[in-house]
Amino acid sequence: MRNILILGGTTEASALAAALAARELTATLSYAGRVANPKPQPVAVRIGGFGGVAGLAAYLSGAGVTHLVDATHPFAARMSANAAAAAARTGVAHLALTRPAWTPQPGDRWYHVADIPGAVAALAGPARRVMLALGRMHVDAFAAQPQHHYLLRFVDAPREAPGLAHHHVAVDRGPFTVDADIALMRAHEIDLVVSKNAGGRGAEAKLIAARALGLPVLMIDRPRLPPRTEVDTVAAVLRWIDHTADLGV
Ligand code: 3Y8
Ligand code: NAP
């Protein structure tokens, strides 16, 4: 009896949940609980942390999970590290569903930085109008460069004002569209976009909009993740589930 746990929070996780529901396979999608109203799913949903590696291992055993699919965001490095460790500890079959990193296209003006601190350091210099499309969790780091005007985009309205002297908050959840992102950048006279190299299509609109407007992009490279088997399509996950189930693992 297959019992699949999806670590979710991405477009790919939702697509996998839909495919598993269509095949009437037992599956649960897990959210961290970062936003007020996570997207409804056609499978069971659980919300909240597990309590580190030990908590996840206990959950896997207690819930009789047979397959663990890590479909979290490429920047959710702690969750992915915990998933690999808990799968190794319990022997539960483990696979990552991720998406290829974006690569610069003709007309792109990308400047790569290694991480959030690197992006903050790269913003030293005269005041600019910066679109920080990084969500809510890293905004405070940019207070080290208070000279800029920041356009922030959050999933939920902030409970308290972000610690940036000059900012505007746009409350919106993706997937975003190119036309809307072009209009947003024009309305706020943006001259620089800061982005994680998330990959996928849900956050890509801002890169296409920046290209159309000839704007530079500060691209934050992905954190290192533990070694694991990775696929980048739902079909590959379904084949893996069928194959590992046949092996009785
Ligand atoms: C809670 C669950 C789906 C999933 C949709 C994807 C696409 C739209 C684009 C910009 C970039 C950003 C952010 C982003 C996108 C998808 C995907 C994606 C980027 C939801 C969701 C949860 C979250 C958490 C949220 C983070 C934030 C990051 C906003 C659901 C809507 C910036 C990542 O306010 C907060 O605390 C938000 C926190 C983690 C990163 C951060 O550090 O702030 N995602 N986003 C998940 C949970 O609780 O476990 O409601 O759908 C999901 C999606 N957001 O099923 O359609 O596949 O990634 N999410 C980034 O890429 O840089 C926005 O603004 O251009
Ligand atoms: P993270 O930093 O890697 O994880 C921190 C802790 O949050 C984990 O140790 C775990 O707590 C909990 N957690 C994370 N993802 C979880 C999940 N899917 N289910 C249950 N608990 C989870 O993670 P994050 O970057 O904050 O991401 C949180 C969520 O937002 C994930 O669903 C991720 O896919 C989504 N997301 C993140 C980004 C991003 O930029 N980071 C972008 C888009 C979507 P315990 O240790 O207690 O188990």
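Here the structure is a predicted model, which is why all the values come from computation and not from measurement.

**Focus: the side chain of His 188**
At step 1: Structurally, the position occupied by His 188 is in the loop between helix H5 (178–187) and strand S10 (192–196).
At step 2: Its relative accessible area of 13% is what places His 188 among the buried residues.
At step 3: Not counting the four nearest positions on each side in its chain, His 188 is found in contact with Arg 129, Leu 151 and His 168.

**Description of the pattern of salt bridges**
At step 1: Across all of its chains, the model carries nine salt bridges by this definition.
At step 2: A salt bridge links Arg 228 to Asp 70; the nearest nitrogen and oxygen atoms lie 3.1 Å apart. Of this pair, Arg 228 sits in the loop between strand S11 (216–220) and strand S12 (230–231) while Asp 70 sits in strand S4 (residues 67–70), and the two are 158 residues apart along the sequence. Neither residue differs from the other here; Arg 228 and Asp 70 are each classed as buried.

**Remarks on the packing of H5 against helix H6 (residues 205–213)**
At step 1: At a minimum axis separation of 8 Å, H5 and H6 run at an interaxial angle of 60°. Comparing their axes, H6 and H5 come out oblique. Between H5 and H6 lies a crossing of right-handed hand. Residues Val 178, Asp 181, Ile 182, Met 185 and Arg 186 of H5 touch H6, and the partners they reach there are Ala 205, Lys 206, Ile 208, Ala 209, Ala 210, Ala 212 and Leu 213.
At step 2: Here the contact of H5 with H6 is composed, by residue class, of nine nonpolar, no polar and three charged.

**So, the environment of Gln 105**
At step 1: With respect to the helices and strands, the residue Gln 105 is situated in the loop between strand S5 (93–97) and strand S6 (109–113).
At step 2: What makes Gln 105 partly exposed here is its relative accessible area of 37%.
At step 3: Along the chain, Gln 105 and Met 219 lie 114 residues apart, while their C-alpha atoms are 13 Å from each other.
At step 4: At a separation of 2.8 Å, a polar atom in the side chain of Gln 105 contacts the main-chain carbonyl oxygen of Thr 103.

The rules we used
- Residues numbered from 1 in each chain as written.
- Chains lettered and ligands numbered in written order.
- Predicted model: local features only at pLDDT ≥ 70, side-chain atom pairs only at ≥ 80, totals over all residues.
- Heavy atoms only, no water.
- Helix = DSSP H or I, 4+ residues; strand = E, 2+ residues; numbered from the N terminus.
- Buried < 20%, exposed > 50% of the residue type's maximum accessible area, 1.4 Å probe, protein only.
- Contact = heavy atoms within 4.5 Å.
- Salt bridge = Lys/Arg side-chain N within 4 Å of Asp/Glu carboxyl O.
- Axes fitted to C-alpha atoms, helices over the stretch in contact; angles between N-to-C directions.
- Parallel < 35°, antiparallel > 145°, perpendicular 65-115°, else oblique.
- Left-handed = near helix turned anticlockwise from the far one by under 90°.
- Nonpolar A, V, L, I, M, F, W, Y, C, P; charged D, E, K, R; others polar.
- Polar contact = N/O pair within 3.5 Å; in protein donor to acceptor, adjacent residues only side chain to side chain.

Read these as layout, nothing more, since geometry by itself doesn't imply function.
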